[in-house]
Amino acid sequence: MLGFLSAHIPWNAISNLELRRSYIALRDHLVLLSATTLSNIFRREYALTVDAIKKQLPVQNEVSLTLDGWTSTDKLTITLVIAYYMD
């Protein structure tokens, strides 16, 4: 999953037979999930992350959340969460 995100590969590429063969050639015991399953896992993890962030924020204030993601020059995937408190 991280490889797909950091390489900006769409989920549906996992159904490509040659891509699947190349992944399995690298690791013969690798279990490749479907694009739908990967998407569902990603959405669930996203929702869990947003819920965890909300639990850490003050209840009385309005907060605007901004999420941003990019890949560094070192090929590291970076996600940034900015919370702006509005009184």
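This text follows the structure it describes.
Residues numbered from 1 in each chain as written. Predicted model: local features only at pLDDT ≥ 70, side-chain atom pairs only at ≥ 80, totals over all residues. Heavy atoms only, no water.

A. Structural view of the layout of surface pockets. Computed from the structure, the largest pocket encloses a volume of approximately 480 Å³. Forming the walls of the largest pocket are 19 residues, and the residues nearest its centre are L5, F42, G69, T77 and T79. At the level of secondary structure, the elements contributing two or more residues to the lining of the largest pocket comprise α1 (2–6), α3 (35–55), β1 (62–71) and β2 (77–86). The biggest single contributor to the lining of the largest pocket is α3, with six residues. Per-class residue counts for the lining of the largest pocket are 11 nonpolar, seven polar and one charged. (1 Å grid on protein atoms, 1.4 Å probe; cavity = no way out; pocket = protein on both sides within 12 Å on 5 of 7 lines; lining within 4 Å. Points joined across faces, edges and corners; volume = space filled by probe spheres on them. Helix = DSSP H or I, 4+ residues; strand = E, 2+ residues; numbered from the N terminus. Nonpolar A, V, L, I, M, F, W, Y, C, P; charged D, E, K, R; others polar.)

B. Region of the structure containing the pattern of salt bridges. Within the structure shown, the criterion is met by two salt bridges. The partner of R21 in a salt bridge is E18, and the shortest N-O contact between them spans 3.0 Å. With R21 and E18 both in helix α2 (residues 17–26) and three residues apart, the pair spans about one turn of that helix. (Salt bridge = Lys/Arg side-chain N within 4 Å of Asp/Glu carboxyl O.)

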